[in-house]
Amino acid sequence: MLSSMVSACSECRICSQHLVSGPQGVADDQLSASSEWDPLHGPRWARLNTVFVSRSHIGGWAAKVNDRYQYIQVKFNRVSIVHGIVTQGRSVVNDTCKQYVKSFKVFHSMDGRSWTPVKERNGEDKVFRGNSDQETIETNYFPCPVLANFIRINPQTWNEHITLRFDVLGHHKYSDPKRSHLEENTWRKGIEWSSEFLDGLKTKLENYVPIKEALDCDVSFPEVNILFLGPTGGGKSSFFNTVHSAFRGKIFNQALSGRAPTSMTTKFTRYTVLSSSTVEPMRFKLCDTRGLEPSHTMTNDNMRLMLEGHLPDIFMFDPGVTIASDLPGFVKSPYIHDRIHSVVFFLDATSVDAMHSMIPEVVQNIKSLQSAIYNHNIPIFIILTKVDCLCAHVREDVQNVFRCPLVEQSVNKVAEEFGLRRNAVFPMKNLENEGEIDDNVSILALSHLKTILENVDASLFNRLSEIKEVYGHKKLNVF
Ligand SMILES: Nc1nc2c(ncn2[C@@H]2O[C@H](COP(=O)(O)OP(=O)(O)O)[C@@H](O)[C@H]2O)c(=O)[nH]1
Ligand SMILES: [Mg+2]
């Protein structure tokens, strides 16, 4: 399965665009450089295939000096998925100025201040082989695509002088959503877009008691934990905020969320949801985690410790660094209600759609975690966020989500890729740019949550006798 993701990843190289001078290219003032020979050799003349025009410009950007501190960079003004770089030397005019860059490093950045080198898979800075003449276009793909707002080329070796023309290969992450037709019938049933339906969902969740129907009244299982996992930026923290806002009746951003190159969530946090009408916490906890990244994938040991309930309510940890059992707060003998009862992976629909911007290491990590989770008999779901970025109709009104074939296709695709039932994949649009809560967004979020809890109840049936044993007689006081 991984190989299909990697090849899908390379396939999409075919559809990647030239981000500097393609149809959605950048303006001249988005190109800048460490230095220029003079304005006729400035960065604006570095676009691929620029040719010499007498008294106006040369074909290429030429640095003022030749050293390894020189660079040319582009600012995209929006997050882009970058696959590679194409370069050329100085455009040929006559037999002079045989200038081109023979090797270079590439750096990427989200904010234009902190820069990360593109690396080899072994972690070393990648040195790309550049040009060996002035006109041939050399294409170099990155070992792994990067998310970036800025890309910088830093020449390492050159012929005669540092001069180059270039472009960047990739996609803009949030390209304008398509406006596909909407189907007459919905592709999934069960949701009504009315205030009565929303009130019903809230009441059900507020009154949720784990496996109530199977337990005698003297047995009470305190609460269940739903773990959120997935790549950084998948919308985990935003989903918790969306759910909590629905109950609080206003935008309530308790969990940090945002667009940053690395996870803004650094702690494992078991969030309690409070209803607006009562201070009683609801009997499920939403457990937010640090995002998975190529250098922060979850180890199987950490996954097991999380699933078994060894992590306390708020716990700073890196998924890739094994949790030591002598750390303060480590729960040595967890109860069944401390365990994780369901795992929800959050994936960004815009990356799943073309299967191109999913980072292969993270995809592989999710797949290997899946088997560990199934071994614990824990139900898995996927919440496919940002479906508003797939379809303009959904962006305008989230009610259209189950009538949009683009969203249905994405749901089917991700279900197939990760081997899940289609009805275990939930399309979602979180609160994001809204100034106030949107009832339809709340309906979507709460109905997904309700379905997850129903499935958790079903899986807890497998431990019924154990639960009756522990919670019937000892009467644990956990609140
Ligand atoms: N358009 C859109 N943006 C979203 C959605 N969900 C999250 N975002 C944005 O995506 C970014 C990352 O979200 P965050 O919740 O921090 O992701 P996390 O790393 O998985 O916790 C934030 O800027 C959110 O506002 C969504 O459904 N639609
Ligand atoms: Mg987060």
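Quick note: structure is the one above.
Below is a short write-up of the structure.

Calculation criteria
- Residues numbered from 1 in each chain as written.
- Chains lettered and ligands numbered in written order.
- Predicted model: local features only at pLDDT ≥ 70, side-chain atom pairs only at ≥ 80, totals over all residues.
- Helix = DSSP H or I, 4+ residues; strand = E, 2+ residues; numbered from the N terminus.
- Buried ≥ 20, exposed ≤ 12 C-beta atoms within 10 Å, placed from the backbone.
- Contact = placed C-beta atoms within 7 Å.
- Near = placed C-beta within 6 Å.
- Nonpolar A, V, L, I, M, F, W, Y, C, P; charged D, E, K, R; others polar.
- Pairing = 2+ DSSP bridges.
- Arc of directions from axis to C-beta.
- Axes fitted to C-alpha atoms, helices over the stretch in contact; angles between N-to-C directions.
- Left-handed = near helix turned anticlockwise from the far one by under 90°.

Looking at the overall build of the protein
For the protein, the helix and strand inventory stands at 10 helices and 16 strands. Its C-alpha atoms give the protein principal-axis dimensions of about 95 × 55 × 35 Å. Expressed as a percentage of the 479 residues in the protein, the buried residues total 41%. Counting only contacts in the protein whose residues sit at least 6 apart along the sequence, the fraction spanning at least 24 positions is 77%.

Description of the site of ligand 1
Ligand 1 sits among 23 residues. The nearest are Gly235, Ser237, Ser238, Ser257 and Asn430. The element best represented in the shell around ligand 1 is helix H3 (residues 236-248), accounting for three residues. Looking at the shell around ligand 1 residue by residue, the class counts come to four nonpolar, 13 polar and six charged.

Notes on the pairing of strand S14 (residues 342-348)
Judged by how many residues are buried, S14 sits mostly within the fold: seven of seven residues are covered. Taking every second residue as pointing to the same face, both faces of S14 are buried, with Ser342, Val344, Phe346 and Asp348 on one and Val343, Phe345 and Leu347 on the other. Two elements, strand S10 (residues 224-229) and S14, share four bridges in a ladder whose sense is parallel. Note that in S14 the partner of Phe228 across the bridge is Val344.

Some remarks on helix H4 (residues 300-307)
The periodicity of an α-helix, 3.6 residues per turn, causes residues three or four places apart in sequence to face the same way. Those residues of H4 that fall on the buried side of the exposure criterion are Asn302, Met303, Met306 and Leu307. Angular distribution of buried residues about the axis of H4 spans 130°; they occupy a single face of the element. Buried residues along H4 sit in contact with S10 and helix H6 (360-375). Note on H4: the residue one or two positions beyond its end, Gly309, has a positive phi of about 90°.

Thoughts on the packing of H4 against H6
It is the contact of H4 with H6, at a shortest axis distance of 10 Å, that shows an interaxial angle of 40°. Between H4 and H6 lies a crossing of right-handed hand. Residues Asn300, Met303, Arg304 and Leu307 of H4 form the contact with H6, whose participating residues are Leu369, Ala372 and Ile373. Split by residue class, the contact of H4 with H6 holds five nonpolar, one polar and one charged.

Things to note about the pairing of strand S9 (residues 163-172)
Along S9, nine of the 10 residues are buried, which leaves the element largely enclosed by surrounding structure. Relative to S9, strand S1 (residues 17-18) is paired through two bridges, and the arrangement is antiparallel. Bridging across to S9, His18 finds its partner in Leu169. As paired strands, strand S3 (residues 61-62) and S9 are joined by two bridges and run antiparallel to one another. Bridging from a neighbouring strand, Ala62 pairs with Thr163 of S9. Sheet analysis places strand S4 (residues 72-88) next to S9, joined by eight bridges and oriented antiparallel. Note on S9: the bridge partner recorded for Thr87 is Phe166.

Digging into unusual backbone geometry
The backbone of Asn49 sits at a positive phi, close to 65°, despite the residue not being glycine. The phi dihedral of Cys97 is positive, around 50°, even though this residue is not glycine. Position of Cys97 relative to the elements: it lies in the loop between S4 and strand S5 (100-109).

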